[in-house]
Amino acid sequence: MFTHSSRRRGVAAGALFSLVVAPLSVLATTSPASAAPEDEVEVQILATNDFHGRIANDPFSSSAGAAVMAGAVDELRAANPFTTFAAAGDLIGASTFESFVDQDKPTIDALNEAGLEVSAVGNHEFDQGYDDLVDRVIAPYDPTSNPKGGAEWKYLGANVKMKASGDPALEATWIKDEGGVQVGFIGAVTEHLPELVTPDGIAEIEVTDIVAATNAAADDLVSSGADVVVLLVHEGAPTTDCSAIGSLGADTDFGSIVQGVNDNVDAIVSGHTHLAYNCSFPVPGWSGRDLTERPVVSAGQYGANLNQLVFTVDSSTGEVQSKTQALLKLKDANGAPPNYTPDAATQDIVDEAVANAEVLGAEPLGEINDDFFRAKLANGTTENRGGESTLGNLVAEIQQDATEDETFGSAQIAFMNPGGLRADLLGVDGAFPRTVTFKQAANVQPFANTLLNMDLSGAEIKTVLEQQWQPEGASRPFLKLGVSEGFTYTYDPAAPQGEHILAMYLDGEPIDPAATYSVTVNSFLASGGDNFSAFKGTGRTQDTGRTDLQAQVDYFAEFASAAPLEVDYSQRAVGTVLGEGPFAAGDTLGIELSSLSMTGPGDVTDTEVEVALDGDSLGVFPVTTTALEALPGFDEAGTASVSVTIPADAVTGDYDLMISGATTGTEIAVPISVTGAPAKVTPRMKVNAPKKIKSGKRPLIKVVLAGKGVGKVTGDVRFRYAGKQVTKRVTNSTVQQRLAPLTRKTKVKVIYLGDGEKFTRNKKTTTIRIRNK
């Protein structure tokens, strides 16, 4: 078997560097082979990764589109015919509407036209399962049997094996002759693939060690005569800092690859982490030569850049004489003209896909009974990303619902970044209820982010909420996260940085700082976008393989097709300023409340709020709603000054003052400690309710109260749901209530109010999902 050293004799000095970004004036770093010495061939590799179906030039992002990328490849290939266009995976999946709506066929066609020749498989190539990848995406196009597939490039996966036999599930390598130089490619996918896609879709395959598979494949390529070996790997660095990448430990996902692949690998083209870097690191086995460093590169994401690697090779000996490398921007900034002329044939494919999407986008998804707005300034049109909104909360609820099954992480809470909402959800013009189309849903969330589910501690969730107050120098001082139903919190808007959050609740129960909760966010937030670094926790993280848009489509199919989707105007967060406790029975408390109102045009707001303790009203107070006049935006619209007296007969203990708005359905707990009479007994409460019912049916809720040594429990139980409230007397420690007919997923709060003598309150929230059949 040939070794790297046996095919590299007298290697000439090359241009070596740790980080190179080529200026636009010198983007083309190669010249035609005819300009080189007779036996020297300049082999050029152009590479992309994590394209994710961004086929159209997006003026709002760095994505230049498939036609511009194809034009860049055309131009660079014209300057050097010995060029291979390659990729490191995730070309499809998590795509924008124009591609997503047609099963990514437009992306396949556009990349075929652009001349893509070889790619590693990424995790998103498996979004629809292994069978879909091989039988549709990779299989030849056929207008009858395979109209949505037909990728003409080679998809490689050296570390993807059949589970039963251990045989290769995909091709491992591919060789191309470039002017007499044999260039070999290896493909590999992240070893975390089983965590990132639906397990059933890849049940028949297994993912093996990247380094072991790569080294075996590299040895095979060299034995087969390869002069240059390039690893295309869908795994990437956690940073763009080359010095930090070079310092990654061998126990890390990417450090193990950089340090572990053998001397036969001449370059590592990577992806997966969506970061752009252009690095070069010494290879210990190449010491003593003039050429001692191996390129380690990634083009970032969404077709914003191309990696360019050029190896000067002596075709008579197969020895690499030198190398150059660059990161080529396809456009300089959002909205800037492209740096390359779009390829006309590829542009035709994109234009047809965009036109087709307009037709498909007219497909109705369901109905809404009113508009879902982003938060607005007083003019009713300018977006306020610092305000809570009906749309932000809806999208968070959609994402929690999409990932609440065990397969996707059993999500309990979801958060949504306000900047990810690019349009209000208004439906088709006309009287309510209005129809929402596929295109309108896509316009709300046009980024096609994937949903990631993660484990966060209660303390980490608190840090996430604290990071809504942005660091000094940020473009916006405050960003309000949308929050899924059931999660509420109070905060002090005037507190010092890091000390704003007062209390957090999930389904009425306090968040335990030490407990672990399942949280879903989009991939932008999961990567620390908008300075929310706390989402990059230390616990489990799972890419669910679902996009935010697909989650919205599925949600409307389930909850907005049989009956119009209702707008939830309740606040998930309320600003609360009160003195420090504990407070004594009989004390009068002054509380300043804020963030009681949404600010979208026509959003329903409360004119008053009620304050209650243990189910007993302590008073009703007026609410003043005044939206902010100008940016920067915050969330203090809807204020009330409250003065309440703690009942003189209150017993010692911790209580929740409940702030309730009858019109909006807002219900927020403000925890206080009271010193008074001796504490009473709090019985345990078990709530039995159906998990799913048919739309329009009346679910039966059964409540059992018990406790060691407490005997029979008496008192009252209150049921709150969908704006309704029913109170029932406990008989023989049990009570049951048949609710009014339900038409959508509903959370029912069950509160044991106590008996005024021996027993004190307890509460529980249960969720009933509606099956629209």
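The structure we're discussing is the one just above.
Residue positions are given per chain, counting from 1 as you read along its sequence in written order. Totals for whole chains, interfaces and linings use every residue, but because this is a predicted model, local features are given only for residues with pLDDT of at least 70 and side-chain atom pairs only at 80 or more, for both listing and counting. Hydrogens and waters are ignored; side-chain quantities use all the structure's heavy atoms.

J.: I would appreciate a short explanation of the overall build of the chain in the present structure.
T.: Labels follow the DSSP assignment, with helices taken as runs of H or I lasting at least four residues and strands as runs of E lasting at least two, numbered in each case from the N terminus. Looking only at helices and strands, the chain features 14 helices and 40 strands. In what follows, residue pairs with any heavy atoms lying within 4.5 Å of each other are defined as contacts. Of the contacts made within the chain by residues no fewer than 6 positions apart, 73% connect residues no fewer than 24 positions apart. Accessible surface area values rest on a Shrake-Rupley calculation with a 1.4 Å probe, where residue burial reflects the displayed protein chains alone. About 29400 Å² of surface is accessible on the chain, with carbon and sulfur atoms providing 50% of the total. Under this rule, positive means Lys or Arg and negative means Asp or Glu; His and the chain ends count for nothing. One atom stands in for each charge, and that atom is NZ of Lys, CZ of Arg, CG of Asp or CD of Glu. One way to put it: in the chain the 58 positive side-chain charges average out to a point 11 Å from where the 100 negative ones average out.

J.: Whenever I open this one, the side chain of Glu 178 confuses me. Can you help?
T.: Residue position: Glu 178 is located in strand S6 (residues 173-178). Residues adjacent in sequence count toward polar contacts only when both atoms are side-chain atoms; beyond that, a polar contact is any pair of N or O atoms within 3.5 Å, and within protein one must be able to donate a hydrogen and the other to accept it. Side-chain polar atoms of Glu 178 contact the side chain of Lys 176, separated by 3.0 Å. Setting aside chain neighbours within four positions, we find Glu 178 in contact with Val 41, Val 43, Pro 81, Phe 82, Thr 83, Thr 84 and Val 183.

J.: Looking at this model, I keep getting lost on a negative patch on the surface. Mind explaining?
T.: Negative charge collects at one region of the surface, where Asp 74, Glu 75, Glu 113, Glu 152, Asp 348, Asp 351 and Glu 352 lie side by side. Mapped by element, the contributors of at least two residues to the negative patch are helix H1 (66-79) and helix H9 (344-360). Per-element tally for the negative patch: the top contributor is H9, with three residues. In this fold, Asp 74 is placed in helix H1. The residues that make up patches have over 30% relative accessible area and no salt bridge, and they are joined within 9 Å when like-charged or within 5 Å when they are Val, Leu, Ile, Met, Phe, Trp or Tyr. Salt bridge, as used here: a side-chain nitrogen of Lys or Arg that lies within 4 Å of a carboxyl oxygen of Asp or Glu.

J.: Looking at this model, I keep getting lost on the pattern of salt bridges. Mind explaining?
T.: Pairs can form between side chains of opposite charge once their charged atoms are near each other. Summed over the entire model, instances satisfying the criterion amount to 23 salt bridges. Notably, a salt bridge pairs Glu 466 with Lys 462, separated by 3.2 Å at the nearest N-O pair. Of this pair, Glu 466 and Lys 462 both sit in helix H12 (residues 458-466), separated by four residues, roughly a single helical turn. Exposed residues in this analysis have more than 50% of their type's maximum accessible area, buried residues have under 20%, and partly exposed residues fall in between, with area computed by a 1.4 Å probe over protein chains only. Classification of Lys 462 by relative accessible area gives partly exposed; the value is 29%. The residue Lys 747 makes a salt bridge to Asp 507 at a minimum N-O spacing of 3.6 Å. Taken as a pair, Lys 747 in strand S39 (residues 746-754) and Asp 507 in the loop between strand S21 (501-506) and strand S22 (509-510) lie far apart in primary sequence, 240 residues in all.

J.: I keep staring at the environment of Lys 702 and nothing clicks. Help me out?
T.: Looking at the element boundaries, Lys 702 is found in strand S35 (residues 700-706). Residues within four places of Lys 702 in sequence aside, it is in contact with Lys 686, Val 687, Asn 688, Val 735 and Gln 736.

J.: Would you explain the pairing of S21 in this entry?
T.: The side chains of a regular strand alternate, residue by residue, between the two faces of the sheet. Among the six residues that make up S21, five are buried, leaving the element largely enclosed by the rest of the structure. Pairing of strand S20 (residues 487-491) with S21, which is carried by five bridges, proceeds in the antiparallel orientation. Across the sheet, Phe 487 pairs through a bridge with Leu 506, a residue of S21. By the bridge criterion, two bridges tie S21 to S22 in an arrangement that is antiparallel. Note that in S22 the partner of Tyr 505 across the bridge is Pro 510. Strands are labelled as partners when DSSP assigns at least two bridges between them. Taking the residues between adjacent antiparallel strands as the criterion, S21 and S22 are bridged by two residues, where Asp 507 takes a positive phi near 50 degrees.

J.: Can you walk me through H1 in this structure?
T.: Two residues of an α-helix separated by three or four positions point the same way, owing to the 3.6 residues in each turn. The length a helix should cover is 1.5 Å for every residue beyond the first. In this model, H1 (14 residues) spans 20 Å end to end at C-alpha, consistent with the 20 Å of a helix rising 1.5 Å per residue. Buried within H1 are the following residues: Ala 66, Ala 67, Val 68, Met 69, Ala 70, Gly 71, Ala 72, Val 73 and Leu 76. In this structure, the buried residues of H1 make contact with strand S1 (40-48), strand S2 (83-87), helix H3 (105-114), strand S13 (305-314), strand S14 (319-329) and H9.

J.: Would you take a moment to explain the sheet that holds strand S19 (residues 482-483) for this structure?
T.: Working definition: the strands of a sheet are paired by backbone hydrogen bonds and lie parallel or antiparallel to each other. Across the sheet, which stays open at both edges, the five strands sit in the order S19-S16-S23-S18-S24 with mixed pairing between neighbours. Of all strands in the sheet, those bounded by a partner on one side alone are S19 and strand S24 (541-547). Strand direction decides the pairing type here: strand S18 (residues 450-457) and S24, joined by four bridges, are antiparallel. Along S24, the bridge assignment pairs Met 454 with Thr 541. Here helix H10 (residues 390-402) sits on the sheet and contacts strand S16 (413-416), S18, S19, strand S23 (516-522) and S24; the angle it forms with S16, its principal contact strand, is near 140 degrees. The axes are straight lines fitted to the C-alpha atoms, using for helices just the contacting stretch, and the angles between their N-to-C directions are given from 0 to 180°.

J.: Help me understand unusual backbone geometry in this model?
T.: Leaving glycine aside, a negative phi is the common case for residues, and trans is the common case for peptide bonds. Here Phe 432 and Pro 433 are connected by a cis peptide whose omega angle stands at 0 degrees. For Pro 433, the position within the fold is in the loop between S16 and strand S17 (434-437). Residue Pro 632 follows Leu 631 across a cis peptide bond; omega there is 5 degrees. Looking at where Pro 632 falls in the secondary structure, it is placed in the loop between strand S29 (616-622) and strand S30 (640-645). Not every positive phi belongs to a glycine, and His 272 is a case in point at roughly 80 degrees. Looking at the secondary structure, you find His 272 in the loop between strand S10 (267-270) and strand S11 (276-282). Of note in this structure, Asn 732 is not a glycine but carries a positive phi near 55 degrees. The exposed category is assigned to Asn 732, whose relative accessible area is 51%.

J.: How should I be thinking about the side chain of Asp 603 in this particular structure?
T.: Locating Asp 603 in the fold gives a position in the loop between strand S27 (588-594) and strand S28 (608-613). A distance of 2.7 Å separates a polar side-chain atom of Asp 603 from the backbone nitrogen of Gly 600. Ignoring sequence-local partners within four residues, the contact set of Asp 603 consists of Phe 373, Thr 390, Tyr 569 and Met 598.

J.: I keep staring at the packing of aromatic side chains and nothing clicks. Help me out?
T.: Between two aromatic rings, the relevant description is the distance of the centres plus the angle of the planes. Any Phe, Tyr or Trp ring, taking Trp's six-membered ring, that has another such ring centre within 6.5 Å forms a pair; planes under 30 degrees apart are called stacked, those over 60 apart edge-to-face, and the others tilted. All chains considered together, the criterion is met by 14 aromatic pairs. Geometrically, the ring pair formed by Phe 415 and Phe 535 is tilted, given 6.0 Å between the ring centres and 55 degrees between the ring planes. With Phe 415 in strand S16 and Phe 535 in the loop between helix H13 (523-526) and S24, the pair connects residues that are 120 residues apart, well separated along the chain. Each ring, one from Phe 478 and one from Phe 634, has its centre 5.7 Å from the other, and the planes form 20 degrees; the classification is stacked. Placement of Phe 478 in the loop between H12 and S19 and of Phe 634 in the loop between S29 and S30 is noted, with a sequence separation of 156 residues between them. Its relative accessible area of 2% is what places Phe 478 among the buried residues. Taken together, the ring pairs in this structure connect Phe 415, Trp 469, Phe 478, Phe 487, Tyr 489, Tyr 491, Phe 532, Phe 535 and Phe 634 into an aromatic cluster. Seen from the ring of Tyr 302, Arg 54 lies directly overhead, with NZ or CZ sitting 3.8 Å from the centre. By definition here, charges over rings are those cases where NZ of Lys or CZ of Arg is within 6 Å of the ring centre and within 35 degrees of the ring normal.

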